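Analysis of the macromolecular model
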Amino acid sequence: MSDPQVEKEAGSTEPAQAPAPEPEKKKREYKDFGHDDEDKPSHAKVDMDQIQLKAEDLYDKEKVDLETIVVDDVFKLLQCDDNGLTDEEATRRLELFGPNKLESEEQNAFLQFLSFMWNPLSWVMEAAALVAIALSNGEHRPPDWEDFVGIVTLLLINSGIGFYEERNAGNAVKALMDSLAPKAKVKRAGSWREIESSQLVPGDMISFKIGDIVPADCRLTESINVSIDQAALTGESLPQSKKLGDQCFSGSTCKQGEAEGVVISTGPNTFFGRAANLVGQDDDTTGHLQKILAQIGSFCLVVIGIFVIAEIFCLYAGFRYTYRRGLDNILVLLIGGIPIAMPTVLSVTLAVGAQQLAKYKAIVTRITAIEELAAVTILCSDKTGTLTTNKLTIDRDTVRTYGPFSAEDVILLAAYASRTENQDAIDQCVVGAIGDASRARAGIKLLDFKPFNPVDKRTEITYLEESSGKLKRVTKGMTGIIIELCTRNKTDDIENRLEADVEEFAQRGLRALAVAYEEVDGTDPEGEGNGFELIGLLAIFDPPREDTKQTIDDAMALGVKVKMVTGDQLAIAKETGRRLGLGDHMYPAKVLKDGPEPGSRFRTLDDMILDADGFAGVFPEHKYEIVKRLQALGHLCAMTGDGANDAPALSRANVGIAVEGATDAARSAADIVLTEPGLSTIVHAIRGSRIIFQRMRNYAIYACAVTIRIVVCFAILAFAFKFDFPPFMVLIIALLNDGTIMTLSVDRVLPSNEPDSWDLAEIFAYAVAYGLYLTLSTIALVAIAIRTTWFFDKFGVTLHNGATQALDHNDPQLHTIVYLQVAIISQALIFITRSHGFFFMERPSVALFAAFCLAQLVSSIIAAYGDWGFTKIEAVSGGWIGIVWVWDIVWFFPLDLIKFGMKATIIKYLRNRHLAAVAAQTAQTGVPMTRTTSRAASVHESLYSNRVSFLRRAARKVGFGQKILMKPEELQRFSSIQAARTGSILARHPSRPTA
């Protein structure tokens, strides 16, 4: 760059000849970005005498808007003056409006534990336990204690794991409550004092200064050079200057100056409180995974119900079974058919997945969010601090020069005219643009400095240039102010160029900062200069993070559409979208209320939202509405953000992601908290979640297939051969299966390149095919053993008391043989469901294969030595164990052929049918239906939520009043303290590598 200290001919200083008189020129108006005319204060919309001092009237915007009416009317409505309230009046108002804080609802731990036993899958097991202990009395036999203890143990293990997971979620409202200022300076009875901010009431006079957090929504009655940072609340990247009568939001930070104001709203009625209210609105919604569990559970219940009813009619009415004998057969179906461990297996899979995601610096605070992240089709991202750095920067590529100085010279001179200590946001970004801050004072001697103030709207420095010994002066500030000071080069040509440049910057959402320069004659720093000359125009913007563009490209490659949803202005949003390759189809937030304009290419608001690359100027309600509408269209949405204003949408989204450096309020509502800058972690998390999803899908097919295999198999055996399998052995099969299947959480699988979805029709189709085939393998074995002597003839093996065939259909050794056969091939099915091709082409994890071998070793030992009288089994010879193993291996290999046959026929038909439905839906409404739409509604889905509505209501306080009650686990998953502790624990205990 050229050195600005070198002598330069900055413009002629000779007196010009007197020009001919010209008509007076109209003063130009430079339409700089962000300086539009503000709305004038209004008055109440109804007679103020009709408005009473109560929340229902004061916060009814149909009557009056305390945020916009003139300040005198505020005092009149709140019945107060600038001397503050009396202590008695403050106490009365505290009872009337409630404390200035958000109240949370504590959950009863015992009821929370019970809630994990309150869903249809658990009900069936609980019914089976009651049958075993209460209904099994009779015929001079004791209750079935063995089955009862086994069932209850299984239930307690599953509920205990779920309860432990949820209780570790942390205090949900702590961060939101902490983000309200704990102390406030208030004027009561004419004197200032410091009180707890929770004691503030509407009508209080408050005071705050630089560094303070605004304790409640207020209107300013005194303002001395005040600048408020409300980025965390509204998403605006620049601190906002506030003047007399302006509103300040609770939770925003005073960056400059000091102010006094009158409190207009507290607690739940503040801007911050309304955002928290939106966060808490979804208390009773059912998670996506719970809905899927509901439908899988309903499928299993229907299958079990059909065959239990069939057994009741066939065994009792047809075969005239005794009471206890028929009950034992029904217990087999109830115990063996219910995938009771499904919630636990999925929880363990998700928990291990969360540990693996922590390697990528993503702390998962709600483990079911991992499953939903795999299915996410749209990522709604906040701009300020998420896509961008939230640090203002000079855009070097767009610097405009109007004199002999280069762009680098202009930036350096602007840095001279900036503070190097106690900087505001503008000075900080200008000094930061020169790299080394010491250069802002290198080679010069500071003689006089005038800081920015709201009246002059510029800064100015007078300095001695050490190399030449000359006095020089530089000023920077608002374009319209600076150009009026310039007398040396203020020509029509320069003004036209400047006006065009400022307009271009404004259209692109860049803030313009003009820089002017003059030399001072003599040695008096207060002396007149030779006239300012406009030398440059700087463009200030909030730049995208370095990795953001690549992250967005990667997300799109994974089939995830990215939309920007920001509180900043439309021009800024469009410029950021263009720089990131998002596109500039951005719309202002008002379209969410007004809908598409008449004659536009959009038929409905939903069409517009789907097409949009983003929305600008949005408030928390708008972000929340956008996410809600996209979900109504069948999409699963992820929302990223860093401020309190993002909290409602973070909570409403299927997956809320708080980026690194996010406020506690954003972490509160988020499901995933990133501890590393940027969004690249999200792409790793999406890939990781899809791996986890594949593991869960493999288990779902397996669990449904085993349900059909157990229920249909033993029902048919009872109908055809009056075969009574002992219930306790089914319990043993279930325990060994569940223990092995837990290792699926670390199985090797490949992620998909498109958003995953629970296509339950496919899952059930595979399950029916596998289940019926395995049923056939068992029935064939029993039929040969009962009807023929083939096994004796070929292998010389015998049954109980040397029988060559099972003439006694309930031979205890035949029970053992059936147990071993069912245990081996049922568990081997997991190797079929986990692979897309031949099972031997996709190597399982060491943990899964070792667990399978161990479980089968235990099953074989039970078959060889299990002489347990109460279960009606008897040890069999090694010959029989070998026969069963060979039998299962022979029947195992065709399972791959069944899988390929299903893909080529039924699965292909189901997918074509779905594509046809999507095409028909799109042709009819113009809005495509996505694969994430549920295929079947379940009347039970809400019952699979971890908590139950009536249990929740039993523990809830009665009456709402002016309070907002929020569920801890819905509103906040993590506080910053917990995040720090978790981070340190993860550092000491690295995530388990995938085997």
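Since the structure is predicted, the reported quantities are computational estimates derived from the model, not experimental observations. (Residues numbered from 1 in each chain as written. Predicted model: local features only at pLDDT ≥ 70, side-chain atom pairs only at ≥ 80, totals over all residues. Heavy atoms only, no water.)

Turning our eyes to something else, we now look at the overall build of the protein. Counting its regular elements, the protein contains 37 helices and 22 strands. Looking at the protein residue by residue over its 995 residues, the buried ones come to 55%. Partitioning the intrachain contacts of the protein with sequence separation of at least 6 by distance along the chain shows that 74% fall at a separation of at least 24. Total accessible area on the protein is roughly 41,700 Å²; 56% of this is exposed by carbon and sulfur atoms. (Helix = DSSP H or I, 4+ residues; strand = E, 2+ residues; numbered from the N terminus. Buried < 20%, exposed > 50% of the residue type's maximum accessible area, 1.4 Å probe, protein only. Contact = heavy atoms within 4.5 Å. Areas by Shrake-Rupley, 256 points an atom, 1.4 Å probe, with all protein chains shown as cover.)

Another point: helix H26 (residues 680-721). For H26, built from 42 residues, the straight-helix expectation of 62 Å at 1.5 Å per residue is met to within 8% by its first-to-last C-alpha distance of 61 Å. When you tally the buried positions in H26, you get 35 out of 42 residues, the bulk of the element. Two residues or fewer after H26 comes Lys722, characterised by a positive phi angle close to 55 degrees. (Expected span 1.5 Å × (residues − 1).)

Turning next to helix H18 (residues 492-507). If you check H18, its first and last C-alpha atoms are 22 Å apart, about what 16 residues at 1.5 Å a residue would give, namely 22 Å. Here H18 has its buried residues at Ile494, Glu495, Leu498, Asp501, Val502, Phe505 and Ala506. Buried residues along H18 cover an arc of 135 degrees about the axis, so they all sit on one side. Turned more than 90 degrees off the buried face of H18, the exposed positions are Asp493 and Gln507. A positive phi of about 75 degrees marks Gly509, the residue just after H18. (Arc of directions from axis to C-beta.)

Following the criterion strictly, the structure yields 35 salt bridges and no others. With its nearest N and O atoms 3.9 Å apart, the salt bridge here joins Lys209 to Asp212. Accessibility expressed as a relative area gives 48% for Lys209, which makes it partly exposed. Taken together, the salt bridges that share partners define one network made up of Asp395, Arg400, Asp501, Glu504, Arg508, Glu575, Arg578, Arg579 and Asp584. (Salt bridge = Lys/Arg side-chain N within 4 Å of Asp/Glu carboxyl O.)

This paragraph deals with the nonpolar core. Within the largest apolar cluster, 148 residues are counted, with the highest numbers of intra-cluster contacts made by Tyr699, Phe714, Trp758 and Tyr819. It is H26 that provides the largest number of residues to this core, a total of 23 residues. Counting 30 residues, the second largest nonpolar core, distinct from the first, contains Leu610, Ala653, Ala658 and Ala670. (Core = buried A, V, L, I, M, F, W, Y, C linked by side-chain atoms within 4.5 Å.)

Another aspect to go through is the packing of aromatic side chains. Tallied over the entire structure, the rule returns 26 aromatic pairs. A ring pair is formed by Phe831 and Phe852, whose centres lie 5.1 Å apart and whose planes are at 85 degrees; its orientation type is edge-to-face. A residue pair is termed long-range when its members are at least 10 positions apart, and Phe831 in helix H31 (residues 830-833) and Phe852 in helix H32 (residues 846-865) qualify at 21 residues. Each of the two residues, Phe831 as well as Phe852, counts as buried. One Lys or Arg, Lys185, reaches over the ring of Trp192 and ends 5.9 Å from the middle of that ring. Over the ring of Phe319 we find Lys722, and its NZ or CZ is 4.8 Å from the ring centre. (Phe/Tyr/Trp six-rings, centres within 6.5 Å; stacked < 30°, edge-to-face > 60°. Lys NZ or Arg CZ within 6 Å of the ring centre and 35° of its normal.)

Turning our eyes to something else, we now look at the side chain of Thr576. You can see Thr576 is positioned in helix H20 (residues 570-580). Within polar-contact distance, the side chain of Thr576 engages the backbone oxygen of Ile572 at 2.9 Å. Excluding residues that lie within four positions of it along the chain, Thr576 makes contacts with Lys383, Thr388 and Met564. (Polar contact = N/O pair within 3.5 Å; in protein donor to acceptor, adjacent residues only side chain to side chain.)

Here we come to the environment of Tyr766. Inspection of the secondary structure puts Tyr766 in helix H28 (residues 760-787). Placed 62 residues apart in sequence, Tyr766 and Cys704 show a C-alpha to C-alpha distance of 8.8 Å. Residues within four places of Tyr766 in sequence aside, it is in contact with Arg697, Ile701, Lys899, Met902, Lys903 and Ile907.

This part is about the packing of H26 against helix H30 (residues 812-828). Across the interface, H26 lies against H30 with an axial gap of 11 Å and an inter-helix angle of 155 degrees. When the axis of H26 is compared with that of H30, the two are roughly antiparallel. Considering the relative orientation of H26 and H30, their crossing is right-handed. Two secondary-structure elements touch here, H26 through Tyr702, Val706, Arg709, Ile710 and Phe714 and H30 through Val818, Gln821, Val822, Ile825, Ser826 and Gln827. Of the residues that constitute the contact of H26 with H30, the class distribution is 7 nonpolar, 3 polar and 1 charged. (Axes fitted to C-alpha atoms, helices over the stretch in contact; angles between N-to-C directions. Parallel < 35°, antiparallel > 145°, perpendicular 65-115°, else oblique. Left-handed = near helix turned anticlockwise from the far one by under 90°. Nonpolar A, V, L, I, M, F, W, Y, C, P; charged D, E, K, R; others polar.)

Bridging between strand E1 (residues 183-188) and strand E2 (residues 191-196) involves 6 bridges; their strand directions are antiparallel. Paired with Lys187 across the strands is Trp192, a residue of E2. Remark: 2 residues form the turn of the hairpin made by E1 and E2, two consecutive strands paired antiparallel; Ala189 in that turn has positive phi of roughly 55 degrees. (Pairing = 2+ DSSP bridges.)

This part covers the sheet that holds strand E8 (residues 362-364). Pairing is mixed across the open sheet formed by 8 strands, whose spatial order is E8-E22-E21-E20-E9-E17-E19-E18. Of all the strands in the sheet, the pair left with one neighbour each is E8 and strand E18 (586-588). Taken pair by pair, the neighbouring strands of this sheet meet at an average axis angle of 20 degrees, ignoring direction. Pairing between strand E9 (residues 378-381) and strand E20 (residues 637-641): 4 bridges, direction parallel. In the strand pairing of E20, Cys380 is matched with Met639. Across the sheet, H20 is in contact with strand E17 (561-565), E18 and strand E19 (614-616); its angle to E18 comes to roughly 170 degrees.

E17 sits mainly inside the fold: 4 of its 5 residues count as buried. Strand direction decides the pairing type here: E17 and E19, joined by 2 bridges, are parallel. Bridge pairing links Val565 to Phe615 in E19.

Bringing unusual backbone geometry into the picture now. Backbone geometry at Lys722 places phi at a positive 55 degrees, although glycine is not the residue there. Mapping Lys722 onto the fold places it in the loop between H26 and helix H27 (727-741). Taking the relative accessible area as the measure of exposure, Lys722 reaches 36% and is therefore partly exposed. Despite not being glycine, Lys872 has its phi angle at roughly 60 degrees, a positive value. Structurally, Lys872 can be placed in the loop between H32 and helix H33 (878-892).

Bringing a negative patch on the surface into the picture now. Residues Asp81, Asp82, Glu222 and Glu258 make up a contiguous surface patch of negative charge. Residue placement: Glu258 occurs in strand E7 (residues 253-265). (Patch = residues over 30% accessible without salt bridge, like charges linked within 9 Å, V, L, I, M, F, W, Y side chains within 5 Å. Lys, Arg positive; Asp, Glu negative; His and termini not counted. Charge placed at Lys NZ, Arg CZ, Asp CG, Glu CD.)

Once that is clear, we can look at the confidence of the model for the protein. Of all residues in the protein, 81% attain a pLDDT of 70 or more, and the chain-wide mean is 79. When the criterion is pLDDT under 50, residues 169-181 qualifies, and its contacts beyond four places in sequence or with other chains add up to 38 contacts. Overall, residues 929-995 carries pLDDT values under 50, and its contacts beyond four positions in sequence, including any with other chains, amount to 174 contacts. (pLDDT = per-residue confidence, 0-100.)

This brings us to a nonpolar patch on the surface. On the surface, Leu854, Leu857, Val858, Ile861 and Tyr865 cluster together into a nonpolar patch covering about 520 Å² of accessible area. Tracing the sequence through the fold places Ile861 in helix H32. Overall, the relative accessible area of 44% leaves Ile861 in the partly exposed class.

Before going further, it helps to examine the environment of Asp611. Residue placement: Asp611 occurs in helix H22 (residues 605-611). Along the sequence, Asp611 and His585 sit 26 residues apart, while their C-alpha atoms lie 7.8 Å from each other. Ignoring sequence-local partners within four residues, the contact set of Asp611 consists of Lys563, His585, Tyr587, Arg601 and Phe602. Of the polar contacts made by the side chain of Asp611, one reaches the side chain of Arg601; its length is 3.0 Å.

Attention shifts here to the state of the cysteines. In this structure the tally under the stated criterion is 0 disulfides. A disulfide-free cysteine, Cys300 has its sulfur positioned 4.6 Å from the sulfur of Cys704, the nearest such atom. (Disulfide = S-S within 2.5 Å.)

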